[in-house]
Amino acid sequence: MTLPVFLVPALPVSDTCVLDGPEGRHAATVRRLRVGEELVLSDGSGSLVRCVVESVGKDVLDLRVQQRWTDPEPSPRVVLAQALVKGDRGELAVELATEAGVDGVVPWRASRCITKWEDGPRGAKQLARWQSTAREAAKQARRSRVPSVAEAVNTAGLSRLVTASALTLVLHESASDKLADVQLPESGDVLIVVGPEGGITDEELTALTTAGARVVRLGTTVLRASTAGVVALGALGALTNRW
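Residues numbered from 1 in each chain as written. Predicted model: local features only at pLDDT ≥ 70, side-chain atom pairs only at ≥ 80, totals over all residues. Heavy atoms only, no water.

Looking at an unreviewed UniProt entry, the protein chain carries the name Ribosomal RNA small subunit methyltransferase E, with the source organism given as Lentzea tibetensis. Comment text from UniProt for the protein chain, heading Subcellular location (unreviewed entry), reads "Cytoplasm". Taken from UniProt, the Catalytic activity (unreviewed entry) comment for the protein chain reads in full: "uridine(1498) in 16S rRNA + S-adenosyl-L-methionine = N(3)-methyluridine(1498) in 16S rRNA + S-adenosyl-L-homocysteine + H(+)". (UniProt positions renumbered as here; feature names shortened; annotations may be inferred.)

### Describing the domain arrangement of the protein chain
Entries for the protein chain in the domain assignment read domain 1 (5–70) and domain 2 (77–239). Put simply, the middle of domain 1 and the middle of domain 2, counted by C-alpha atoms, are 33 Å apart. Contacts between the two partners involve 10 residues from domain 1 and, on the opposite side, 7 residues from domain 2. Taken together, the two surfaces of domain 1 and domain 2 that pack against each other cover about 780 Å², and 52% of this comes from carbon and sulfur. Interface area lost by domain 1 to domain 2 is led by Val5, Leu7 and Gly44, which between them contribute 58%. There are 1 salt bridge connecting domain 1 and domain 2. Between lysine 139 and glutamate 23 there is a salt bridge, with the nearest N and O atoms lying 2.7 Å from each other. One can count 6 residue pairs in polar contact (both at pLDDT 80 or more) joining domain 1 with domain 2. (Domains from an automatic or database assignment. Contact = heavy atoms within 4.5 Å. Buried area = accessible area lost by both parts, 1.4 Å probe. Salt bridge = Lys/Arg side-chain N within 4 Å of Asp/Glu carboxyl O. Polar contact = N/O pair within 3.5 Å; in protein donor to acceptor, adjacent residues only side chain to side chain.)

### Looking at the nonpolar core
Counting 44 residues, the largest nonpolar core has Trp108, Leu158, Leu169, Ile192, Val193 and Leu208 as its most contacted members. Setting aside anything within four residues of it in sequence, one finds leucine 158 in contact with Ala81, Trp108, Val153, Leu191, Val193 and Leu208. (Core = buried A, V, L, I, M, F, W, Y, C linked by side-chain atoms within 4.5 Å. Buried < 20%, exposed > 50% of the residue type's maximum accessible area, 1.4 Å probe, protein only.)

### Focus on the environment of threonine 115
The residue threonine 115 is located in the loop between strand 7 (104–108) and helix 3 (121–140) in this model. Apart from residues lying up to four places away in sequence, threonine 115 is in contact with Leu84, Val85 and Lys86. (Helix = DSSP H or I, 4+ residues; strand = E, 2+ residues; numbered from the N terminus.)

### Here we look at the sheet that holds strand 8 (residues 148–149)
The strand order across the open sheet formed by 6 strands is 8-7-6-10-9-11, and the pairing between neighbours is parallel. Lying at the two open borders of the sheet, with one neighbouring strand each, are strand 8 and strand 11 (214–216). (Pairing = 2+ DSSP bridges.)

### Some thoughts on the pairing of strand 3 (residues 38–42)
Burial analysis of strand 3 places 4 of its 5 residues in the buried class, the great majority of the element. When strand 3 meets strand 4 (residues 47–57), the two strands line up antiparallel, connected through 5 bridges. Bridging across to strand 4, leucine 39 finds its partner in cysteine 51.

### Looking at the side chain of serine 159
Examined against the element boundaries, serine 159 turns out to sit in helix 4 (residues 155–164). Every residue in contact with serine 159, bar those within four places of it in the chain, is listed here: Ala207, Leu208 and Ala211.

### What about the packing of aromatic side chains?
Per the counting criterion, the structure on display carries 1 aromatic pair. With centroids separated by 4.9 Å and ring planes inclined at 75°, the aromatic side chains of tryptophan 117 and tryptophan 130 adopt a geometry described as edge-to-face. Here tryptophan 117 is found in the loop between strand 7 and helix 3, whereas its partner tryptophan 130 is found in helix 3, with 13 residues between them in sequence. When sorted by exposure, tryptophan 117 lands in the same class as tryptophan 130, which is buried. (Phe/Tyr/Trp six-rings, centres within 6.5 Å; stacked < 30°, edge-to-face > 60°.)

### Here we look at the UniProt feature "domain: Ribosomal RNA small subunit methyltransferase E PUA-like" (unreviewed entry) in the protein chain
The sites that carry the UniProt feature "domain: Ribosomal RNA small subunit methyltransferase E PUA-like" (unreviewed entry) are, in the present numbering, residues 19–65. Helix makes up 21% of residues 19–65 and strand 49%, whereas the separation of the span's terminal C-alpha atoms amounts to 12 Å.

### Thoughts on unusual backbone geometry
For residues that are not glycine, phi is negative in most cases, and the peptide bond is trans in most cases. Serine 75 connects to proline 76 through a cis peptide bond whose omega is 0°. For aspartate 59, which is not a glycine, the phi torsion comes out positive at approximately 60°. Relative to the helices and strands, aspartate 59 is located in the loop between strand 4 and strand 5 (60–70). Despite not being glycine, arginine 142 shows a phi value in the positive range, around 60°.

Here it is, written out as structure tokens:
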């Protein structure tokens, strides 16, 4: 079994360190790590250290560093533009995508979204929930990099991201092209666009394809807005060198 991963603001620079705060409480009280057991500290940006527990206190561990390394960034990167979906299914989409290796998430305010992220404190709270979900899912998956969750964009903002990406794939059941038939780039960003439960409008499809996106389908069935992203990420993992 792989070692548990704990996220810290900065990795230790010396050979010893203390893990306290919420992560220390989780390691000492929830996971009940003991002297001699090992764990991994991550800064969430690809750098990690493997440590052994030297002593255990109340919600705190004293650690000794055993190894340091940095995981290379995946190539190509995959960013998910996820339309807002109602209830907790948006957080489910972020959780699944993070477990599947997504490198970034962009919430999309599509016109047919049932839920609306308002500007101000309420919208900031919803964004924070997605960011927290990505962080916790990255820990659970033992990832060295926590995917970013950006501010929500409208279709005009998403079109600008399409232009800046190496490749954009809009998932749509009406497409004739299959994802497996697309020539994928070896580097840069691959942007996956998942629409809302009500579907992507013709106007939105036109705006995205005009910016350079390709419309593709994953199979013969229609996937839910909360699961389409993780299925696409699995396909890209197998079709590229990411896996």
